Amino acid sequence: MTVEAPGLILPSDVLIIVMENLAIEDLVSLSCTCKFVNLLVHEFGWSPYLKRSDRPSFTLQLARKHWSHFDQLRYNVTSDRWWTQAKFNARPLSHPWRTKFQPILALSTSMLLVAAGHTIYAYTITDSFSLTDDGAPGISHEGSYSFANNQWEITSLTFIPYDHSERTVAIGFEDGHIERIYLPPFPKEQEKNQPPSLTLERTYSLGSRIMDLVESLSCSDSMLLSLSASGTAGLYNLSAESPLVSTIELEWRSWSSFLCMTSSQPYAVFGTTSPNPLVVHAVTPSSLHPTPFAILHPTRERSTAVYGITDAPPSAPWGSSKQVIVSGWYDGVVRVHDMRSGRRDSGVPGSPAPLRPMLTLRDPWSDEPIYSVSCGGGSSSFVAAGTARHSVVAFWDVRRPTEGWSAHAPGNDSSPVYSLICESSRVFGVTQSRPFVFDFGPGVTKETYPFLPSSTRSQCDSLQPNEDGIGYRVAEYNHSRT
């Protein structure tokens, strides 16, 4: 069929080809020309645009299977705009715990897990069949898991991604054991207003014990990377009968690790307190190389420790490359290194020659250490960093890195933000007292996140709800000095 309008005579198939490369503003304008073109855009325009502008999100994945392409696009565009405006709903996910912890977060398409002390708190991701009718998918508290006869705290946690049940995790304990645990569903019948609790048996399933607490776990495909506080790194093949593949000794106080098996050259990154705090080692399915092939320096000035490591935002200006590494440092700076770069520190001892960062991100009002980093956000171009005090999360758009801003978590707990997970429209974080979320997407209601009834603990809480009753007030500030 040929589309005819004043000044325009085009066959439909030509118009479809043209739409494949149009920006969102052009597609909207085109859809307003006539009824036929509007139908054409809805059928052939929105879907290709969604594929070109991917917005990775665990919590939206189920809902996106039901939402129309237009609803998905409307959600993404609104969320992108709210990110640029620093507009979000802040919600705590629980009342403060009675004890201070150093918690860890883990997220899959069906569950959010919060490991604190000896307990894993489980939150189910709810579905949404229509953005208009049901609103955005939410989070509900499902229950908690603990371990029988266990005196050791959980120190690291990650989902095993190749497991289709999405209920299998790798857990690192304070006693040095790493275990693969299946988290069974909770019984449907439960006491009123009382979330269920299940007690699990420890399995000691991954064999060897590191004689120190497990500081970090990172999983990629069927491979698992572990790192102890004293610097023992282990590589595990989770699909093998004898999972342990290789171990190396970094011989420094160690904090963080990151494993990437999907890069053209698979690698493991380690963050330590040492003269070379950030190093990259080669990985194969059968070995973890004992010496680094890349040393990532801050600048010519040495920094003492790296606490958080992740990969780059998918839509960053330098492209969605697995060769780009984002890290959070003790000196309060987030640094971005590109292992393809030739910017090396000449005159600095080390083999190989240390690689300099291509981008540094800093809050000029704070020099607090960066405890956690994560990437995603609006247009998949944001870096989020959890700092060491006052539950502050700092944000930067890598397209405009000098225009950052920061926000305190709900309740303004006097605590580091120990763990962060940044999605397309949501940022999940956790302090020593409780988990929280910043939601930048539309469709949020009072029921999207757990309702926190009044309690003895809530009476001493500093939470202040907004007038609409959906979010809570939080303090924010811009990084600009002008």
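The rules behind each value
- Residues numbered from 1 in each chain as written.
- Predicted model: local features only at pLDDT ≥ 70, side-chain atom pairs only at ≥ 80, totals over all residues.
- Heavy atoms only, no water.
- Domains from an automatic or database assignment.
- Salt bridge = Lys/Arg side-chain N within 4 Å of Asp/Glu carboxyl O.
- Helix = DSSP H or I, 4+ residues; strand = E, 2+ residues; numbered from the N terminus.
- Buried < 20%, exposed > 50% of the residue type's maximum accessible area, 1.4 Å probe, protein only.
- Pairing = 2+ DSSP bridges.
- Axes fitted to C-alpha atoms, helices over the stretch in contact; angles between N-to-C directions.

## Quick look at the domain arrangement of the protein
So, step 1. On domain assignment, one finds that the protein holds domain 1 (7–53) and domain 2 (79–478).
So, step 2. Taking only C-alpha atoms into account, the centre of domain 1 sits 39 Å from that of domain 2.

## What to know about the pattern of salt bridges
So, step 1. This structure, assessed with the given rule, holds 15 salt bridges.
So, step 2. In this structure, the salt-bridge partner of D80 is R55, at a minimum N-O distance of 2.7 Å. Taken together, the residues span a long stretch of sequence, with D80 in helix 6 (residues 69–84) and R55 in the loop between helix 4 (46–52) and helix 5 (61–64) at a distance of 25 residues. Both residues of the pair, D80 and R55, belong to the buried class.
So, step 3. Between R335 and D331 there is a salt bridge whose closest N-O contact spans 2.8 Å.
So, step 4. According to the relative accessible area criterion, D331 is partly exposed, its value standing at 25%.
So, step 5. Each of D397, R399, R400 and E403 takes part in one network of salt bridges that share partners.

## Points about the sheet that holds strand 10 (residues 178–182)
So, step 1. The antiparallel open sheet is built from three strands, whose spatial order is 8-9-10. Strands with a single pairing partner mark the edges of an open sheet, and in this sheet they are strand 8 (154–159) and strand 10. In this sheet, neighbouring strand axes are inclined to one another by 25 degrees on average, regardless of whether the strands run parallel or antiparallel.
So, step 2. Examined bridge by bridge, strand 9 (residues 168–173) and strand 10 share five bridges and lie antiparallel to one another. Note that in strand 10 the partner of V169 across the bridge is I181.

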